[in-house]
Amino acid sequence: MSRFIKTAYQGFASYTPGEQRNDGTYIKLNTNESPYPPAPSVLEALKENDLEALRLYPDPTGRILKEKLASLYDVKPENVFLSNGSDDILNFAMMAFVDDDEKIAFPEITYSFYEVIAALHGVQVNRVPMCASDNLPALFINPDDYCSLHQNIIIPNPNAPTGAALTVDQIEKIVRTNPDHVVLIDEAYVDFGAESAIFLTKKYDNLLVSHTFSKYASFAGGRLGFAIGSAELINDLMTIQYSTNPYNINRLTMKLAEATVDADTYYRANAEKIKATRMRTTAALEAMDFTVIPSLANFVFARHQRIAGKTIYEEMLRRFVLIRHFDSPVITDFNRISIGSDEQMNQFLERMQEVINEKS
Ligand SMILES: *Cc1c(COP(=O)(O)O)cnc(C)c1O
């Protein structure tokens, strides 16, 4: 760090993204991208005049894309906010809605970006402890812990890195009992089997739902996120956005994102394939003595009964399979494994079997 950095950021620990090794050597199952390419119509969406138009600023209101998303999700364009990836929504929401003397509550085990973005804005956090379920370790959100909390709340549904999901009834109760605070439901993984809370935004003015094209829409490199909420909440986010980066979606991303919404049925079909592959992968891992948290996301979170999580991660890396290991003590025996194509998962399972045979 330079001697010029603000006192508040001295020693600041930023978010660590998953490794990007994309030269084709590795089977990459560590950052929950889609294994499938963008839809053919998306690959062909950019025309020469789109490139020529790069000299012009993009439409800061994102009118066309908002109209398409509004129609897909049965809301109005004024209920839609567009962002450069959905992490930007978390950033803007933190600036827009959390007062200096307020806390933001989120699950103790969750997407680690929440902690970082709260720290960046000097916001106090309430890390809500996790609960056990059946014979599984304490990795689950108990919705009752969030009812009448009277704090701003972020909950990913399904949660990361576990893949466990709440029902919309459980979410509605959290939203209803915290009427004076914003409840942000991060639905980055909702397209793989969980229920979306978007329809509840018509009933509750304190509910904000965020989505990303990064996971189900094969668009992680395009950087497009969106949020749905009451027109007032969306306006507040726009106030922050226009004061931060008015042209936050570039022309190429805007055009490709429009084509992505038009091709929604293609992406829904991919999500169905990923769900089937997830079921098959879960069963195969269980047969190798893994405990697998029931997942409604495009990844599974799994712990072997005898072999340490770190060992599995390292042995798989040696075999050119990249999965995600977190050092945090509570989950150190787990690895998060993105669901790839059937072919990728066959290779993954083959190499995993080698590791189990060798290390057991
Ligand atoms: C991946 C992810 C996001 C954000 O992804 P972007 O690429 O910034 O849109 C948000 N929340 C969770 C829980 C995620 O896993």
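Residues numbered from 1 in each chain as written. Predicted model: local features only at pLDDT ≥ 70, side-chain atom pairs only at ≥ 80, totals over all residues. Heavy atoms only, no water.

Draft legend 1. Structural context of the nonpolar core. Counting residues in each nonpolar core, the largest one holds 90 residues, and the members touching the most others are Leu 285 and Phe 348. If you tally residues by element for this core, the top one is helix α11 (residues 342-359), at six residues. If we skip the residues at most four places from it in the chain, Leu 285 touches Phe 290, Val 292, Val 300, Ala 302, Ile 337, Phe 348, Leu 349 and Met 352. (Core = buried A, V, L, I, M, F, W, Y, C linked by side-chain atoms within 4.5 Å. Buried < 20%, exposed > 50% of the residue type's maximum accessible area, 1.4 Å probe, protein only. Helix = DSSP H or I, 4+ residues; strand = E, 2+ residues; numbered from the N terminus. Contact = heavy atoms within 4.5 Å.)

Draft legend 2. Just the domain arrangement of the protein, in detail. Along its sequence, the protein is carved into domain 1 (17-38 + 265-359) and domain 2 (40-262). Placing a centre on the C-alpha atoms of domain 1 and another on those of domain 2 gives a separation of 25 Å. Regarding the contact of domain 1 and domain 2, the summed buried area is about 2,400 Å², with carbon and sulfur atoms giving 68% of it. Together, Pro 38, Tyr 267 and Leu 296 form the three largest contributors to the area buried by domain 1 at its contact with domain 2, with a combined 28%. In this structure, the connection of domain 1 to domain 2 is made through one salt bridge. In this structure, the salt-bridge partner of Asp 191 is Arg 268, at a minimum N-O distance of 2.8 Å. (Domains from an automatic or database assignment. Buried area = accessible area lost by both parts, 1.4 Å probe. Salt bridge = Lys/Arg side-chain N within 4 Å of Asp/Glu carboxyl O.)

Draft legend 3. Structural context of the sheet that holds strand β7 (residues 152-156). Taken in spatial order, the seven strands make up an open sheet running β2-β10-β9-β8-β7-β3-β4, and their pairing is mixed. Lying at the two open borders of the sheet, with one neighbouring strand each, are β2 (80-83) and β4 (124-128). When the angles between neighbouring strand axes are averaged without regard to direction, this sheet yields 20 degrees. The pairing of β7 with strand β8 (residues 183-186) spans four bridges and is classified as parallel. (Pairing = 2+ DSSP bridges. Axes fitted to C-alpha atoms, helices over the stretch in contact; angles between N-to-C directions.)

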